[in-house]
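One-letter residues, chain by chain:
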Amino acid sequence: MDGHAPHGSNYRYVARKRRTKEDKRFITGRGRYVADVSVPGMKHVAVIASPHAAARIAAIRTAKALAVPGVVAVVTGADIVAATNPMQHGLDIPGVRWYALAVDRARYAGEWVAAVVADSRYVAEDAAELIEVDYEPLPFVIDPEAAFQPGSPPVHPDHKSNVLFQRRFVYGDVDGDFRRADHTLSFRVRWGRSSTVPIETFGVLARWDEGRDVLDVWASIQMPKFHDQLAGCLRLGGNNVRVHYDVDVGGSYGTKRGIAHSVLVGFLARKLRTPVRFIEDRLEYMAGGGAHGPDRIFDMEVAFNRDGRVLSHRMRALDDVGCYPGRSPLQLGKPIGAIVGPYKIGSCAYEAISVTTNKTSQVAVRGFGQAPTNVAIETAMDRVAGFLGIDRLEVRRRNFIAKGEFPYLIPSGTTYDSGDYPTVLDKTVALSRWPELLAKRDALRAEGRLAGIGIATCLEPSGGNSAFEPLFNPLNDTTTWMESCQIKIDLGGTITAIIATSTSGQGHETLVATVIGEELERDPDTIRVVHSDSLGAFPSNSPVGSRMAIMLGGAASGAARQIRASLTRIAAHNFNVPEDRLEYESGAITNRNNTAQKLAWDDLVRIAHRKYHLMPPGSEPGLQATYCWEVPTGGKMPTPDGRVQMYPCFSFEAHVPLVAIDPASGKVDILAYFVGHDCGTVISPDIVRGITCGGIAHGIGAALYEKFEYDANGQLLAGTFADYLMPSAHEVPAIAVTEHCTPSPHTPMGQKGSGEAGYLGAPAAIASAVNDALAPLGLAITTLPMRLKDIEALLAAKSGPKP
Amino acid sequence: MTDRRDIRLTINGRVHAACAAPRMTLVDFIRDELGLTGTHIGCEHGVCGACSVIFDGKPIRSCLMFAVQADGHAITTVEGLEGADGTLSPLQDSFWEAHAMQCGYCTPGMLIAAHALLAENLDPTEDDIREAISGNLCRCTGYQQIVEAVVHAARRRKGG
Amino acid sequence: MKAAPFDYVRVTTVAEVCRALDGAGGEGKIIAGGQTLVPMMAMRLARPTLLVDINDVSELQGIAATGGALKVKACTRQAAALASPLVAATLPLLARAMRWVGHGQTRNRGTVGGSIAHADPSAEIPLVAVTLGATIEARRSASARLIEADAFFEGPMMTALAADECLTEVRFPVWPEAHVGSGFEEVSARRGDFAIVAAAAQVALAPDGRCTRVAVGIGGAGGRAVNCAPAAGSLFGTRLDDATIDAAAGRIAALIEPQDDIHATADYRRRAAAALAARALRSARADAATKAAA
């Protein structure tokens, strides 16, 4: 349990190596993803996309497509706008209307203009080729800084400006701190447009049940309030839509939010009175699926003293959300809850600007904007160290919030729950065998290679709350992002838990079974966890914001404790003793003063289910509990000056990679990777380590390989897996992880979140390593991804033209 | 041109007689015609490896073949890795033990790639393993626990 | 991503291949491994009306070394070529290059002839063919012809093959010299991807260490692989010291016409071509020297 649970704790199941409940179906090919769900009479969808970055749609001719045998229907934006409501944005943005298909105007290359429904996907594609669209190209804007300028071609003419959100937050005496500081420096960091790109695309199947007035929906979804939004768009009551959450989702990491796909398919299923399925193909996903990530320019100024202590920073973040913003501008809001990282920075200013461009829409990506922000913060620490000639580890140690200073209030109004950053960094440095690592780097340099060690010490805000919604949108006063769990014990004594969300690899069944097993002292392997559908479900806000260990784990604890309380009341009544005399052991209850008085688990269950005469008077019969949990620290509105408690819990990670760069090709090889991680109590060590390593791999992609690059005409250049480069087993090195446990005071077992682990520090760490490698040449790179062509160009410019 | 052809092929030891249009890919055939949905589709252009199957003893990508080409051949999919009585293969069990997956979507392809490696390499190094699975993209795991699972399976076979 | 409809025929002889192509009015296409063709069909960038499957044509399988050449039949799997002791013994450059071709799973289906016929400018096998001056045999119904690699590759995905011609064999010359060494260098964003730039080199050394023969080629830096013989002339008779190699490699930039794409700029490719060619030559020199010492 070392590093996985607080010292002295003695969990039976939590923090122990246990097999993951979900895995058996996956290793035997019995996962059930949306493309595996098939219903009789199901029809298939293909879409056609605009080839233009911006164009008026003058005419769409569908007759040839409709004449193809096997084609059921062709629909366009006009059909959609007549029958559905626009999809919601996170902000109130007048004039930006978002529908499942383009209406009159296409606003990015790849936007869906028409959809074909046919007997098979093959036939649908045949017909899609025959749809004729007359486009009249319009001016467009691709570069976010150009979009920010007044007079740039409007993406949404009814909104006038391409600026969707702009606000400057000032926390503390920033100007004073800058005046008082010994030094200041400034720099720009560019975070490239990448995303999570799951191996499964988005898919959705809808069937209108005419006899019940219910739209059944199976989707590879990970999205808060999906069914509410879908019902609203389809002009249906919430209880006319049944989203089946028992569909396995083939990866999401925030991005599986196919609301447009789902509105389209829901509309088609009702209109055509036949089940309709749309499984995006890879080309549709990349160009039109609306699943790109942040695309952000940071301009940073840092004020610091000669001892390396950072007093203040000014951060300006300009984010390109692409065409339809959805919730994307809010990704500039969440990082406010960790805007100073793990450091005692006394004041800061943050200007958040969201612009729209004629590109594919942005969606929520793992970390909700925190990974790019962490690159800006960590670059600042490296720059300060470099400027002062102080060791990069030492600068961090001098600025860390100390273990004894928690709870710690940062300038933006968020209180960090707990942490021990110096110890985690020390453990990571020890794991890396730092002196040997330095010697290895220096030996590589001596051979004429470029080599560098990266350092990043980053926060993972967790327990996802809605606090950025009222902060960014005055019309939104949401202050809860609750999560629920139901437990029922059947007559035979087995335990079933019901959760209200789908899972995309986080292992929620294992999480809930482990927590309930721990609380009730019952073997988690015997506990079944069921994904409800939206009609049977209690409130959930889905697994976003590294929240499920906290929120679903907390809800499961709460429900289990209610069960345990019920059992205790039954025993107390039957023994006729106060509850505090009772001993609970593995589900059996004994009178501590008279051990002959004992009721086994099965006895207690039978009393609850069958023997009401033995129940405490007034009890509810049966054995079941529902617990709906408010986010700890939640329930508060932001202050008028923008201070807010963003998330409740703060995990921490320290990264130390070693890289070497081939000067001829600019290619970066990661030779070693060490990470120290603290997410409080680790409920399932295998799951947390897996997510951490996976997050690092994803971060390596964002740092070195992955970019949805557009050309000057607004054409996506990285529309296939041959051009959008995700790291393979060759590019991701062996990763050594050390865990540390600083429990959170806000959660039942001290757990914090870990869903974004690894990804929140890896891009910063790789950037740090590459820059350490370039430093001896006096070079620096702050544009991600740092592709081999970018690095080589820097080196070539430095060495000048060769003979 | 779209007429359907009769084909016979052996899948997981069972002979299937079916028909398919020439343009139907092998992966669509396996999934949609035979109902073996363990083999997944990730990119349909031969990069991600989610559709890997064993074809005449060798791992291949089933999105890069047409079903008619498989007429007369033998294929093993993920469903064919376990014993007839449902016993997990040592490799499958090692994947479970090491939690070598998260969402499970790439898992069948990874199992196929690793299965093929272990069939011809008794004692693979970590480099061998990474090479063998390098044509299969995983977005969840960072490959670490997958590599560990294959090492575990190889060790188990050696009785180590 | 589903292919447009097509007709399909599986044949067992080259004569049948030619007949089938003949009857397809220029719209027929041979499918061997399909590792390039099928994705192009899935994206509907290729839409043949007839696919002629040559996987059962036994006369198109096999590797032989005769008459001073390594003859690789068109439908030989890349995996088979990679595993072939004959290739390793007679044409190590091809064996080296083959390791960079795709991944194990694509090499299990992909064929040597298929890679040649598709003529991707960054593909490794065409680069070896161009570097060594391979000869490509093609047949149509009534005739057969031999095409020099340099003439065969006309541009990106374009070859001298006619629509009704079947590529049957690739003949790589085997150098008779005693001490032949080879080197292959490639840069790609990820291992297994198509090359951004690749360099192939082969040298023969006299017993005294002087270079008696040299071949250098560059792939990925233009519409087709380029034989860089004009840059390598100065290497003859030298001991291939580093400065001589670097000077020769430096002349390569003038021989290639690379372009910008998402993965690299033309300038990048020029610089990388020179650097990789120098490395490939050094590897070839070391390889030959090892053989001389053995």
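**Q** Explain the environment of Asp426(A) here, please?
**A** All names here are of chain A. Mapped onto the elements, Asp426 comes out in helix α12 (residues 421–431). For Asp426, a relative accessible area of 39% puts it in the partly exposed group. For Asp426 and Ala654, which are 228 residues apart along the polypeptide, the C-alpha to C-alpha distance reads 9.1 Å. At 3.0 Å, the side chain of Asp426 forms a polar contact with the side chain of Arg397.

**Q** Whenever I open this one, the domain arrangement of chain C confuses me. Can you help?
**A** It is common to give the size of an interface as the accessible area that goes away when the parts come together. Partitioning chain C into structural domains gives domain 1 (7–53), domain 2 (62–173) and domain 3 (179–293). Placing the centre of domain 1 of chain C and that of domain 3 of chain C at their C-alpha centroids yields a distance of 35 Å.

**Q** Looking at this structure, I do not really get the sheet that holds strand β7 (residues 163–171) of chain A. What am I missing?
**A** Within a beta sheet, neighbouring strands are joined by backbone hydrogen bonds and run either parallel or antiparallel to one another. All names here are of chain A. Read from one edge to the other, the open sheet built from 5 strands follows the order β7-β15-β14-β13-β8, with strand pairing classed as mixed. Each of the sheet's edge strands pairs with one partner strand only, and the pair in question is β7 and β8 (183–191). Adjacent strand axes in the sheet meet at a mean angle of 10° when their direction is disregarded. Sheet analysis places β7 next to strand β15 (residues 347–355), joined by 8 bridges and oriented antiparallel. Of the residues in β15, the one forming a bridge with Arg168 is Glu351. On the sheet, helix α10 (residues 370–388) packs against β8, β13 (296–304) and β14 (310–320) and is oriented at approximately 140° with respect to β8.

**Q** Looking at this structure, I do not really get the interface of chain C and chain A. What am I missing?
**A** Listed by partner, the interface residues are 23 residues for chain C and 32 residues for chain A. Of the roughly 2,400 Å² buried between chain C and chain A on both sides combined, carbon and sulfur atoms contribute 57%. Looking only at chain C, the three residues that lose the most surface to chain A are Met1(C), Arg190(C) and Ile262(C), adding up to 29% of its buried area. Run the count over chain C and chain A and you get 5 salt bridges. For Arg271(C), the salt bridge is made with Glu792(A), and the minimal N-O distance between the two is 2.6 Å. Between chain C and chain A we count 17 residue pairs in polar contact (both at pLDDT 80 or more) in total. Grouping the amino acids of the side of chain C that touches chain A by side-chain chemistry returns 12 nonpolar, 2 polar and 9 charged.

**Q** Looking at this model, I keep getting lost on the environment of Leu146(C). Mind explaining?
**A** Residue and element names in this part refer to chain C. Here Leu146 shows up in strand β7 (residues 143–148). Sequence separation between Leu146 and Ile136 is 10 residues; the distance between their C-alpha atoms is 5.5 Å. Once residues within four sequence positions are removed from consideration, Leu146 is found in contact with Thr135, Ile136, Glu137 and Arg171.

**Q** Can you help me understand the interface of chain B and chain A in this one?
**A** Taken residue by residue, the interface counts 49 residues in chain B and 54 residues in chain A. In total, chain B and chain A occlude about 4,400 Å² of area from one another, counting both sides; carbon and sulfur atoms represent 53% of this. The three residues of chain B that bury the most area against chain A are Arg23(B), Trp96(B) and Arg139(B), which together make up 21% of that side's buried surface. Linking chain B with chain A are 32 residue pairs in polar contact (both at pLDDT 80 or more), by the criterion used here. Going through the elements one at a time, α1 (26–33), α2 (90–98), α3 (107–120), α4 (126–133) and α5 (144–158) of chain B are the ones with two or more residues in the side of chain B that touches chain A. In terms of residues, the side of chain B that touches chain A owes the most to one element, α2(B), which gives 6 residues. Grouping the amino acids of the side of chain B that touches chain A by side-chain chemistry returns 20 nonpolar, 16 polar and 13 charged.

**Q** I'm lost on the pattern of salt bridges in this one. Help?
**A** Any two side chains of opposite charge can pair, on the condition that their charged atoms come close. The tally for this structure, following the rule as stated, stands at 102 salt bridges over all chains. Close ionic contact of Asp126(A) with Arg44(C) constitutes a salt bridge, the shortest N to O distance being 2.7 Å. Taken together, the positions of Asp126(A) in helix α4 (residues 121–128) and Arg44(C) in the loop between α2 (37–42) and β3 (50–53) put the pair across two chains. Look at Asp126(A) and you get buried, because its relative accessible area is 14%. With its nearest N and O atoms 2.9 Å apart, the salt bridge here joins Glu378(A) to Arg396(A). In this pair, Glu378(A) is assigned in helix α10 and Arg396(A) in helix α11 (residues 392–399), connecting sequence segments 18 residues apart. We note that Glu378(A), like Arg396(A), is buried. One connected set of salt bridges, linked through shared partners, spans Lys17(A), Arg19(A), Asp686(A), Asp93(B), Glu97(B) and Arg156(B).

**Q** Which parts of the structure should I look at to understand unusual backbone geometry?
**A** Glycine aside, residues mostly have negative phi, and peptide bonds are mostly found in the trans state. A cis amide bond, omega -5°, links Phe406(A) with the succeeding residue Pro407(A). Here Pro407(A) lies in the loop between α11 and β16 (408–409). Across the junction of Leu784(A) and Pro785(A), the peptide omega takes the value -5°, indicating a cis bond. Summarising the element assignment, Pro785(A) is placed in the loop between α19 (762–774) and α20 (788–799). Of note, Lys225(A) is a non-glycine position whose phi angle comes to about 55°, a positive value. Locating Lys225(A) in the fold gives a position in the loop between β10 (214–219) and α7 (226–233). Despite not being glycine, His99(B) shows a phi value in the positive range, around 50°. Structurally, the position occupied by His99(B) is in the loop between α2 and α3. A relative accessible area of 2% places His99(B) in the buried class.

**Q** What am I meant to see in the pairing of strand β10 (residues 166–173) of chain C here?
**A** Working note: regular strand, side chains alternate between the two faces of the sheet. Residue and element names in this part refer to chain C. Extensive coverage of β10 is indicated by the burial of 7 of its 8 residues. Note: strand β5 (residues 69–73) against β10, 5 bridges, orientation antiparallel. When the bridges of β10 are listed, Lys71 appears paired with Arg171. The pairing of strand β6 (residues 135–140) with β10 spans 5 bridges and is antiparallel. Following the sheet pairing, Glu137 is matched in β10 by Glu169.

**Q** Sorry if this is basic, but what is going on with the environment of Asp208(C) here?
**A** All names here are of chain C. With respect to the element layout, Asp208 can be found in the loop between β12 (197–205) and β13 (211–219). Taking relative accessible area as the criterion, Asp208 reaches 41% and is therefore assigned partly exposed. Separated by 31 residues in sequence, Asp208 and Arg239 have C-alpha atoms that sit 8.5 Å apart. Of the polar contacts made by the side chain of Asp208, one reaches the backbone nitrogen of Arg210; its length is 2.9 Å.

**Q** How should I be thinking about the packing of aromatic side chains in this particular structure?
**A** Centre distance and the angle of the planes are the two values used to describe a pair of aromatic rings. Residues and elements named next belong to chain A. All told, the structure shown has 21 aromatic pairs over all chains when counted by the stated rule. Relative to Phe468, the ring of Phe368 has its centre 5.0 Å away and its plane inclined at 35°; by these criteria the two rings are tilted. Placement of Phe368 in the loop between β15 and α10 and of Phe468 in helix α14 (residues 468–472) is noted, with a sequence separation of 100 residues between them. Residue Phe368 is classed as buried on the basis of its relative accessible area, which comes to 9%. On the basis of relative accessibility, which here comes to 1%, the residue Phe468 falls in the buried class. For the pair Tyr416 and Phe650, a centre-to-centre distance of 4.5 Å together with 40° between the ring planes defines the contact as tilted. Placement of the pair is Tyr416 in strand β17 (residues 415–416) and Phe650 in strand β27 (residues 649–661), with a sequence separation of 234 residues.

The rules behind each value
Residues numbered from 1 in each chain as written. Chains lettered and ligands numbered in written order. Predicted model: local features only at pLDDT ≥ 70, side-chain atom pairs only at ≥ 80, totals over all residues. Heavy atoms only, no water. Helix = DSSP H or I, 4+ residues; strand = E, 2+ residues; numbered from the N terminus. Buried < 20%, exposed > 50% of the residue type's maximum accessible area, 1.4 Å probe, protein only. Polar contact = N/O pair within 3.5 Å; in protein donor to acceptor, adjacent residues only side chain to side chain. Domains from an automatic or database assignment. Pairing = 2+ DSSP bridges. Axes fitted to C-alpha atoms, helices over the stretch in contact; angles between N-to-C directions. Contact = heavy atoms within 4.5 Å. Buried area = accessible area lost by both parts, 1.4 Å probe. Salt bridge = Lys/Arg side-chain N within 4 Å of Asp/Glu carboxyl O. Nonpolar A, V, L, I, M, F, W, Y, C, P; charged D, E, K, R; others polar. Phe/Tyr/Trp six-rings, centres within 6.5 Å; stacked < 30°, edge-to-face > 60°.

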